[in-house]
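For reference, the chains in residue letters:
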Amino acid sequence: MITVDCRDVESILHELAIYVSDQVAAMPAMKLHQFVLAPIMDDEPVDQNEVITSIKEFLESIGESRNFGVIANGDIVTIKSLFGKKIERLAKSAGEMFSCAHCGHVTRYEVEHNNHVKIHYL
């Protein structure tokens, strides 16, 4: 399992977890300031280099690759601000989409989203 510390990019934590887990074929588990990637099959470990590459690709896609570094220390990957800047995003408005952190399912309706997330825990 690999832990990704997102304290400096906490406002994009969920989007980042979905993107990285899709890219490396792992299951994300959300925590307060981080997410953990577990392998889908126990005999196939999550490749830390792929995780780092995916994080860098995501940061590049939102135009923030020059402001953040990705550092690996053991099984912990930390996204650190190089200049003290943090990514700030506005809170969701009622008209935005809801995305499942487990599989990426997207819907406009919060009730449908909540019911969908429950399926993952059956």
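About the criteria used
Position numbers for residues count from 1 along each chain, tracking the sequence in the order it is written. Reporting in this predicted model follows two pLDDT cut-offs: at least 70 for local features of residues, and 80 or more for side-chain atom pairs to be given and counted; totals over whole chains, interfaces and linings ignore these cut-offs and use all residues. Excluded from the side-chain calculations are hydrogens and water; all other atoms, namely the structure's heavy atoms, are used. Only residues whose relative accessible area exceeds 30% and that form no salt bridge are eligible for patches; like-charged ones are grouped when within 9 Å, while nonpolar side chains (Val, Leu, Ile, Met, Phe, Trp, Tyr) are grouped when within 5 Å. Here the Shrake-Rupley method, with its probe set to 1.4 Å, supplies the accessible areas, and only the displayed protein chains count as covering residues. Any Lys or Arg side-chain nitrogen found within 4 Å of a carboxyl oxygen on Asp or Glu counts as a salt bridge. Under the DSSP-based scheme used, a helix requires at least four consecutive residues in state H or I and a strand at least two consecutive residues in state E, with every element numbered from the N terminus. Pairing of aromatic rings covers Phe, Tyr and Trp, the last through its six-membered ring, and needs centres within 6.5 Å; plane angles under 30 degrees mean stacked, over 60 mean edge-to-face, and all others mean tilted. Relative accessibility thresholds used throughout: buried, under 20% of the residue-type maximum; exposed, over 50%; partly exposed, between the two (1.4 Å probe, protein chains only). Between the first and last residue of a helix there are one fewer steps than residues, each counted as 1.5 Å, and that sum is the expected span. Throughout, the arc means that of the directions going from the helix axis to the C-beta atoms. Here, residues are in contact when the closest pair of their heavy atoms is within 4.5 Å. Think of a polar contact as two N or O atoms within 3.5 Å of one another; within protein, one of them needs to be a possible hydrogen donor and the other a possible acceptor, and neighboring residues in sequence only count if both atoms come from side chains.

Regarding a nonpolar patch on the surface
Okay, so step 1: Together, Met27, Ile40 and Met41 give the surface a local cluster of nonpolar side chains, amounting to about 320 Å² of exposed area.
Okay, so step 2: By the secondary structure assignment, Met27 is in strand β2 (residues 26-30).

Describing the packing of aromatic side chains
To describe a pair of aromatic rings, you give the distance between the ring centres and the angle between the ring planes.
Okay, so step 1: One pass over the structure, following the stated rule, counts one aromatic pair.
Okay, so step 2: Measuring from centroid to centroid gives 5.6 Å for Tyr19 and Phe58, while their planes differ by 45°, and the two rings are tilted. Of this pair, Tyr19 sits in helix α1 (residues 13-24) while Phe58 sits in helix α2 (residues 48-61), and the two are 39 residues apart along the sequence.
Okay, so step 3: We classify Tyr19 as partly exposed; its relative accessible area is 25%.
Okay, so step 4: With a relative accessible area of 7%, Phe58 lands in the buried category.

Structural notes on α2
Okay, so step 1: Between its terminal C-alpha atoms α2 stretches 20 Å, which fits the 20 Å expected from 14 residues at 1.5 Å a residue.
Okay, so step 2: Val51, Ile52, Ser54, Ile55, Phe58 and Leu59 are the residues of α2 that are buried. Each buried residue of α2 lies within a common arc of 160° when the element is viewed along its axis, so the set occupies one face. Exposed residues on α2 whose side chains face more than 90 degrees from its buried face are Asn49, Glu60 and Ser61.
Okay, so step 3: Packing partners of the buried residues in α2 comprise β1 (2-5), α1, β3 (34-39), β4 (68-73) and β5 (76-81).
Okay, so step 4: One side-chain oxygen of the residue at the start of α2 lies 3.1 Å from the amide nitrogen of Asn49, identifying that residue as Asp47.
Okay, so step 5: Gly63, located one to two residues past α2, shows a positive phi value of around 75°.

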